[in-house]
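Below, each chain spelled out in residue letters.
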Amino acid sequence: MELAPKSKCTGCMACVHNCPTNCISAEQDFLGHQYPVVDRSRCINCGKCQRTCPELSAMPAQMPRQAFAAWSLDAESRRTSTSGGAAAELYRAAIHNGFWIVGVEYQKDFHVVHVISNEETAIAEFKQSKYVYSEMDGIYQKVKDMLLRGEKVLFISLPCKIAGLLGYLGDKFDNLVTVDIVCHGTPSYKNLLEHIRYVVKEDYPEKLGFRRDNEYLLQLMDRNGKAIYKKNGRTDTYLAAFLEGLNYRESCYCCSYAKPERISDITICDFWGLGREIPFNHPYTGAISAVLINTDEGQDFWKCCMPHMFTEERPVMEAIKGNAQMNAPTPMHLKRKAFESMYQSDGFEAAVKHCLGEIMKEEERKIRRQNVRRILRKAAGIFVKRYRG
């Protein structure tokens, strides 16, 4: 039985979890990316894996019908969220309306795992962007069991994982609401773990963060939240590789979901480019979420969320045009092959610095210039609004 080729496999693992004889397992390549492998001695050629795979059976998709600029009205929720806190408010509305919620959380050694809960306390663990491969850990079957019992479920994840869930379920469930998060691409967990072990020599961190408002920032903290390691954007090797598209899994560079048409009920992302063509006149200067409504189910659910958020309807194409990953996949970096070759001989840190060294140095110079300007403005008593686009 032939699975999707490596160049197309997103690692959703729907085929692994849907195999009736458990003859498909996940194996890691040299970069740390997970791929399904068939034990042909146990395969009964039922074809269920092929019917389940969203890369072999394309998912129906539709253009968004509405777009909103949005942020949580809860200042604390905004402070602890990436972007404007839209995902947190979707989770909160779901809990208050009797849903189970699915998101991803850090577990031991910063494995990112899909978890299902009906407790509002889970929302704090689901917050913040996690720029690394997310593991399914049997979540498809857990969701299916809930749906078959008549429970309502809100599932928020990357679009390829939404596709995996829909392929696994096969049938449409009216008690399921899906929300996809627009994605740059997925580095492997192996790369993240190598990086953490390299930059932290002694005190192993308990917490990890990748964002602060609209700023990319890798921060490793102890259990009390004290920073052990902190670097901005491309000055950090892991973030540099991520932002430059150097170390994603192969399918990310030809992603089936990096387009305006969406497979989920709702899409959320940063609202890049807001106000560039049509003015957005509000005094708020924090991070802003774009919320795109794609289906009737999404529209109905969104109405439950709106009372707890600032929302302004915006043109759909404004949200789409401003977000590169809704128009095309991230291109493979020109030095990808060099990265792969050096990674095998010298490891992650050396390979990234070899390929992106000049970019990282320029980022350090840029941040130094920004810091000087910030100090001068503060000294002069000048306060400049944060750039929103």
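Whatever comes next refers back to the structure up there.
Residues numbered from 1 in each chain as written. Predicted model: local features only at pLDDT ≥ 70, side-chain atom pairs only at ≥ 80, totals over all residues. Heavy atoms only, no water.

**Here we look at the layout of surface pockets**
Note the following rule: In this analysis a 1.4 Å probe is tested at points of a 1 Å grid over the protein atoms alone, and where it fits but cannot get out there is a cavity; an open set with protein on both sides within 12 Å along at least five of seven lines is a pocket; lining residues have an atom within 4 Å of a point. Grid points are joined across faces, edges and corners, and a volume is the space filled by probe spheres set on the points. Helix and strand definitions follow DSSP, with helices as H or I runs of at least four residues and strands as E runs of at least two, each counted in order from the N terminus. For this classification, Asp, Glu, Lys and Arg are treated as charged, while Ala, Val, Leu, Ile, Met, Phe, Trp, Tyr, Cys and Pro are nonpolar and the rest, including Gly, are polar.
In this structure, the second largest pocket spans a volume of roughly 640 Å³. Lining the second largest pocket are 21 residues, with Thr-80, Gln-128, Leu-208, Gly-209 and Met-221 positioned closest to its centre. Those elements that place two or more of their residues in the lining of the second largest pocket are helix 5 (122-126), strand 9 (207-212) and strand 10 (215-221). The element that contributes the greatest number of residues to the lining of the second largest pocket is strand 9, accounting for five residues. Across the lining of the second largest pocket, the residue classes break down as six nonpolar, six polar and nine charged.

**Observations concerning the pairing of strand 10**
Let me state the cut-off plainly: Buried, partly exposed and exposed residues are distinguished by accessible area as a fraction of the type maximum, computed with a 1.4 Å probe on protein chains only: under 20%, between the cut-offs, and over 50%, respectively. Paired strands, as defined in this entry, are two strands with at least two bridges between them according to DSSP.
In terms of burial, strand 10 is largely enclosed, as six of its seven residues are buried. Here five bridges tie strand 9 to strand 10, and the two strands are oriented antiparallel to one another. Each residue of the ladder has a partner; that of Lys-207, found in strand 10, is Met-221. The pairing of strand 10 with strand 11 (residues 227-232) spans five bridges and is antiparallel. Bridge pairing in strand 11 links Leu-218 to Lys-231. The hairpin formed by strand 10 and strand 11 contains five residues between the paired strands, and Gly-225 there has a positive phi angle of roughly 85°.

**Points about the pairing of strand 8 (residues 176-181)**
Test applied: Clockwise travel from the first strand over the helix to the second, with the strands pointing away from the viewer, marks a crossover as right-handed.
In terms of burial, strand 8 is largely enclosed, as five of its six residues are buried. Pairing between strand 7 (residues 152-157) and strand 8: five bridges, direction parallel. When the bridges of strand 8 are listed, Phe-155 appears paired with Thr-178. Handedness of the crossover joining strand 7 and strand 8 through helix 7 (residues 159-169) is recorded here as right-handed. Bridge analysis of strand 8 against strand 12 (residues 266-270) gives three bridges, and the strand direction is parallel. Counted as the bridge partner of Ile-181 is Ile-268 from strand 12.

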